[in-house]
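Take a look at the letters that make up each chain.
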Amino acid sequence: MLYDTFESIVDDGPGSLRAGCCMNEPMWIVFEVSGTIELSSHLDVSSYKTIDGRGQRIKLTRNGIRLKECEHVIICNLEFEGGIGDEIDAIEIKPNSKHIWIDRCSLKDYKDGLIDITHQSTFITISRCHFSNQDKVMLIGASPLHIGDRCIFVTIHHCFFDGTRQRHPRVRFAKVHLYNNYTSDWGIYAVCASVEAEIYSQCNVYEAGQRKEAFKYLTEKAADKEEASTGSIISDDDLFMDDTQSGLLEPICSSFHPSQHYETWTVMSATNELKHVLQHCTGWLDVPRPPGE
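Residues numbered from 1 in each chain as written. Predicted model: local features only at pLDDT ≥ 70, side-chain atom pairs only at ≥ 80, totals over all residues. Heavy atoms only, no water.

Visitor: Which residues make up the sheet that holds strand β22 (residues 191-193), and what values do they have?
Guide: Pairing between the strands of a sheet comes from backbone hydrogen bonds, and it takes one of two forms, parallel or antiparallel. The strand order across the open sheet built from eight strands is β4-β7-β10-β13-β16-β19-β22-β25, with neighbouring strands paired in parallel fashion. If you trace the sheet from one side to the other, it starts and ends with β4 (43-44) and β25 (215-217), each paired once. Where strand β13 (residues 113-117) and strand β16 (residues 136-140) come together, four bridges link them in parallel fashion. Residue pairing for β16: Ile117 is matched across the bridge by Ile140. (Pairing = 2+ DSSP bridges. Helix = DSSP H or I, 4+ residues; strand = E, 2+ residues; numbered from the N terminus.)

Visitor: Pulling in residues and values, what's your account of the packing of aromatic side chains?
Guide: Tallied over the full model, the rule gives nine aromatic pairs. Geometrically, the ring pair formed by Phe153 and Phe256 is edge-to-face, given 6.0 Å between the ring centres and 70° between the ring planes. Placement of the pair is Phe153 in strand β17 (residues 153-157) and Phe256 in the loop between β27 (239-240) and α2 (272-281), with a sequence separation of 103 residues. The pair Phe153 / Phe256 is uniform in exposure class, with both members buried. (Phe/Tyr/Trp six-rings, centres within 6.5 Å; stacked < 30°, edge-to-face > 60°. Buried < 20%, exposed > 50% of the residue type's maximum accessible area, 1.4 Å probe, protein only.)

Visitor: Quick one: what's the story with the pattern of salt bridges, residue by residue and with numbers?
Guide: With the rule as written, the count across this model stands at 15 salt bridges. Arg165 is the salt-bridge partner of Asp135, the closest N and O atoms lying 3.5 Å from each other. Placement of Asp135 in the loop between β15 (130-132) and β16 and of Arg165 in the loop between β18 (160-162) and β19 (170-171) is noted, with a sequence separation of 30 residues between them. What makes Asp135 partly exposed here is its relative accessible area of 30%. What makes Arg165 partly exposed here is its relative accessible area of 40%. The partner of Arg150 in a salt bridge is Asp224, and the shortest N-O contact between them spans 2.9 Å. Of this pair, Arg150 sits in the loop between β16 and β17 while Asp224 is found in the loop between β25 and β26 (232-236), placing the two residues 74 residues apart along the sequence. One network of salt bridges, with partners in common, ties together Arg150, Glu196 and Asp224. (Salt bridge = Lys/Arg side-chain N within 4 Å of Asp/Glu carboxyl O.)

Visitor: Describe in detail the environment of Ala193, supporting the description with residues and values.
Guide: Looking at where Ala193 falls in the secondary structure, it is placed in strand β22. Here Ala193 falls in the buried class, since its relative accessible area comes to 0%. Separated by 149 residues in the primary sequence, Ala193 and Asp44 place their C-alpha atoms 30 Å from one another. In this view, Ala193 contacts Val171, Ile199, Lys216, Tyr217, Leu218, Thr230, Gly231, Ser232 and Ile233; residues no more than four positions away in its chain are not counted. (Contact = heavy atoms within 4.5 Å.)

Visitor: Before we move on, can you summarise the side chain of Glu207 with the specific residues and values?
Guide: Locating Glu207 in the fold gives a position in strand β24 (residues 205-207). Judged by relative accessible area, which is 16%, Glu207 ranks as buried. A distance of 2.6 Å separates the side chain of Glu207 from the side chain of Tyr182, its partner in a polar contact. Looking at Glu207, its side chain comes within polar contact range of the side chain of Lys275, at 2.9 Å. (Polar contact = N/O pair within 3.5 Å; in protein donor to acceptor, adjacent residues only side chain to side chain.)

Visitor: An account of unusual backbone geometry is needed here, citing residue identities and associated values.
Guide: With an omega of -20°, the peptide bond between Lys94 and Pro95 qualifies as cis. For the bond from His168 to Pro169, the omega torsion is 5°, close enough to zero to count as cis. Looking at the element boundaries, Pro169 is found in the loop between β18 and β19. One non-glycine residue, Cys203, lies in positive phi territory at about 55°. Relative to the helices and strands, Cys203 resides in the loop between β23 (198-202) and β24. On the basis of relative accessible area, Cys203 is assigned to the buried category, the value being 9%.

Written as structure tokens, this is what we have:
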């Protein structure tokens, strides 16, 4: 593993983050300066890269990161803000990418979405992130035409969806494990299950604002089916605060359980204490880079 330290916040050229992300070698990328990198286009990241913002404050703006046909990528402790353009996402994971970990990032204010996971990208983990000031947050599964997205598996845990409008996430075809997240004051819904989605919502905190129902179901027709269908949501010890309504329907032919993908995971009970932890300990944090990195 190569370690590359960046002392510049320019968008392109020798010594830039863009130059490091496209190299063929496995690389752990860290920063010696704080600042904002104004991306002139998508920042493409190749396989076996860690972009580690610990120890500094790095903000990416105007464009976003694209993880295209890559694997084993970690993005940690960065800020994403101010995407310009109707089709610009903060983080776009497609096509055919796998083993991706997005950890402790703050994401807001992109014209399209914050995270898209589509086109047969799978084994994705989103953890300890803070999402705010946004309409469409996270899409998993491209459209009813993309039946290959049945392979997608995503874990989302310890995230704070902070007054964002919808898609926390919206899911087509994929299997998604949500646990220990806090979703508050959504504009349309918290979680949406569409065609053949299988969502396991475990020990999450849902706190409504004006829109009371947390779960929404949409019916769409898969390209290889004759009839339209919706998805399935299983709620396991979730906390629906105050007058929040689950909106939960009986699961439709769902056999998905997270234990099919990992043997153990650590879950806290859905409580006010969990809510307060997630309000203060998600997203970019001023934490030092570990010694030796």
